[in-house]
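A look at the structure
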Amino acid sequence: MGTYLNPGNKGFQEILRSEYVDKTGLIALINKTVGTMEKLTCVSRPRRFGKSYAAKMLCAYYDCSCDSHALFDDKEIAKIEGYLTHLNQYHVVNLDITGFISEAAETGTPLSSVPNMIADAVYRELTESWPELAGKSLKDAMIGCVEKTGREFVFIIDEWDAMIREAKSDAAVQKKYLNFLRGWFKNSSFTPKVVAAAYMTGILPIKKDGSQSAISDFIEYPILDPDGFAEFTGFTEGEVKLLCEGYGMDFEDARKWYDGYDFPDVGAIYNPYSVMLAMRKKRFDSYWQKTSAAESLMTYINMDF
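Here's what I pulled together on the structure shown here. (Residues numbered from 1 in each chain as written. Predicted model: local features only at pLDDT ≥ 70, side-chain atom pairs only at ≥ 80, totals over all residues. Heavy atoms only, no water.)

**As for the packing of helix α7 (residues 114-129) against helix α10 (residues 171-185)**
In a pair of packed helices, the angle between the axes and the distance between the axes together describe the arrangement. Keep this limit in mind: Note on definitions: angles span 0 to 180 degrees between N-to-C directions of axes, and those axes are lines fitted to C-alpha atoms, for helices only across the stretch in contact. Secondary structure elements follow DSSP: runs of H or I no shorter than four residues count as helices, runs of E no shorter than two count as strands, and numbering proceeds from the N terminus. Contacts: residue pairs with any heavy atoms within 4.5 Å of one another. Each residue receives one of three labels: charged for Asp, Glu, Lys and Arg, nonpolar for Ala, Val, Leu, Ile, Met, Phe, Trp, Tyr, Cys and Pro, and polar for the others, Gly being one of them.
Across the interface, α7 lies against α10 with an axial gap of 9 Å and an inter-helix angle of 35 degrees. Between α7 and α10, the contacting residues are P115, N116, I118 and A119 on the first element and K176, Y177, F180 and W184 on the second. Looking at the contact of α7 with α10 residue by residue, the classes come out as six nonpolar, one polar and one charged.

**Quick word on the packing of helix α12 (residues 237-247) against helix α13 (residues 251-258)**
So the rule is basically this: Orientation is classified from the angle alone, with under 35 degrees giving roughly parallel, over 145 giving roughly antiparallel, 65 to 115 giving roughly perpendicular, and any other angle giving oblique. Here a crossing is taken to be left-handed if its near helix is turned anticlockwise relative to the far helix by less than a right angle, and right-handed if that turn runs clockwise.
Orientation of α12 relative to α13, taken along the N-to-C sense of each, is 130 degrees, at an axis distance of 9 Å. Here α12 lies oblique to α13, going by the angle between them. Seen along the crossing, α12 lies across α13 with a hand that is right-handed. Residues E237, V240, K241 and C244 of α12 touch α13, and the partners they reach there are F251, A254 and R255.

**Structural notes on the packing of aromatic side chains**
Heads up, the condition is: Ring geometry is summarised as follows: Phe, Tyr and Trp rings, the Trp one being its six-membered ring, pair when their centres sit within 6.5 Å, and such pairs are stacked at plane angles under 30 degrees, edge-to-face over 60 and tilted between the two. Here the term buried applies to any residue with accessible area under 20% of the maximum for its type, exposed to any over 50%, and partly exposed to those in between, with areas from a 1.4 Å probe on protein chains only.
A complete count under the given rule lists 18 aromatic pairs for this structure. The interplanar angle of 85 degrees and the centroid separation of 5.2 Å between the aromatic rings of F155 and F185 together place this pair among those described as edge-to-face. Note that F155 is positioned in strand β3 (residues 153-158) and F185 in helix α10, a separation of 30 residues in sequence. Taking the relative accessible area as the measure of exposure, F155 reaches 0% and is therefore buried. Here F251 and Y270 contribute two aromatic rings whose centre-to-centre distance is 6.4 Å and whose plane-to-plane angle is 45 degrees, an arrangement assigned as tilted. Taken as a pair, F251 in helix α13 and Y270 in strand β8 (residues 267-270) lie far apart in primary sequence, 19 residues in all. Classification of Y270 as buried rests on a relative accessible area of 0%. Through successive ring pairs, a cluster of aromatic residues spans F12, Y20, Y61, Y62, F72, Y83 and Y90.

**As for α10**
Filter applied, for reference: Helix span, as expected, comes to 1.5 Å for every residue beyond the first. Polar contact is defined as a pair of N or O atoms within 3.5 Å, subject to the rule that within protein one atom must be able to donate a hydrogen and the other to accept it, and that residues adjacent in sequence are counted only when both atoms are side-chain atoms.
Taking 1.5 Å of rise per residue, the 15 residues of α10 would be expected to cover 21 Å, and the 20 Å separating its terminal C-alpha atoms lies within 8% of that figure. Of the residues making up α10, those classed as buried are V173, Q174, Y177, L178, F180, L181, G183, W184 and F185. For α10, the capping residue at the N-terminal end is D170, with a side-chain oxygen 3.2 Å from the backbone nitrogen of A172.

**Some remarks on α7**
The end-to-end C-alpha distance of α7, which contains 16 residues, comes to 23 Å, matching closely the 22 Å that a straight helix rising 1.5 Å per residue would cover. Taken residue by residue, α7 has V114, P115, M117, I118, A119, A121, V122, E125, L126 and T127 as its buried positions. In the core, the buried residues of α7 are packed alongside β2 (91-96), α6 (97-107), α8 (138-149), β3, α9 (162-166) and α10.

**Remarks on the pattern of salt bridges**
Formally: By salt bridge we mean one thing: a side-chain nitrogen of Lys or Arg within 4 Å of a carboxyl oxygen of Asp or Glu.
Under the counting rule described, the total for this entry stands at 10 salt bridges. Among the ionic pairs, E239 bridges to K23, the shortest N-O distance being 2.8 Å. You can see E239 sitting in helix α12 and its partner K23 sitting in the loop between α1 (10-16) and α2 (25-31), a full 216 residues away along the chain. For D217, the salt bridge is made with K186, and the minimal N-O distance between the two is 3.0 Å. You can see D217 sitting in the loop between β4 (195-202) and β5 (219-222) and its partner K186 sitting in the loop between α10 and α11 (191-194), a full 31 residues away along the chain. Three or more residues joined by partner-sharing salt bridges are found here, namely E159, D161 and R165.

Function-wise, these values are silent; they only describe arrangement.
See the structure below:
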């Protein structure tokens, strides 16, 4: 197991040791896309809406370096067709782009070097596991890994848009980063051979024009039009009612505080971060507003995109 390549299921194990609202049905949506022309998925939503939880869950499910039956056999996904077909059957590349940006800042490395840092990290772990692939380019090494093991890759990328936000006034840095993504997800000599599926999350929606067309092949599910992902965007009203009953909290107060979105066929969706803090603290408050989310989003809200 590595940090970026086949990270295992420990992250999801830790989640399950706390109060867990079963959102494993999300896996079935991704399973339907595996190996199809719709295999590139991008979900955009605000911070503190469970994006990292979903990423850890998907890692645990797809990662071939571990056995996750015990984590999922009693969950909703186990009742859905295709559950065992994809369970622990792929190599996983798991990236949190904000981590690389923080590392660059700490070491005084230019932001333009982040794509190289990502590539080096994946290449290092890939060649540690398969030394015979050393000396090849990263793409050729990944193709070689697929040929050697018979397993394709699932890419799980959290905060994909962090580079766009951090370099919002530097078109050259944005272009270099987007070209890096194009090399994985818009490359006819690589993508069909290596990528079984990709799941990216971020705050900003994808721009379909200009230089950002590098990732236009992704099917996007933004917060205002999440389609089938709506019930996995946050907590449903039924889930919040059960939590309130379990913690002895008043559901009507929870509704007043945290009923932030409403989608057809799903109804109200609640901010999971705020709801869980309210349950644990036994007190309703504006928890989400106290995170960095509102502050970082305000710049873009004021730009009126």
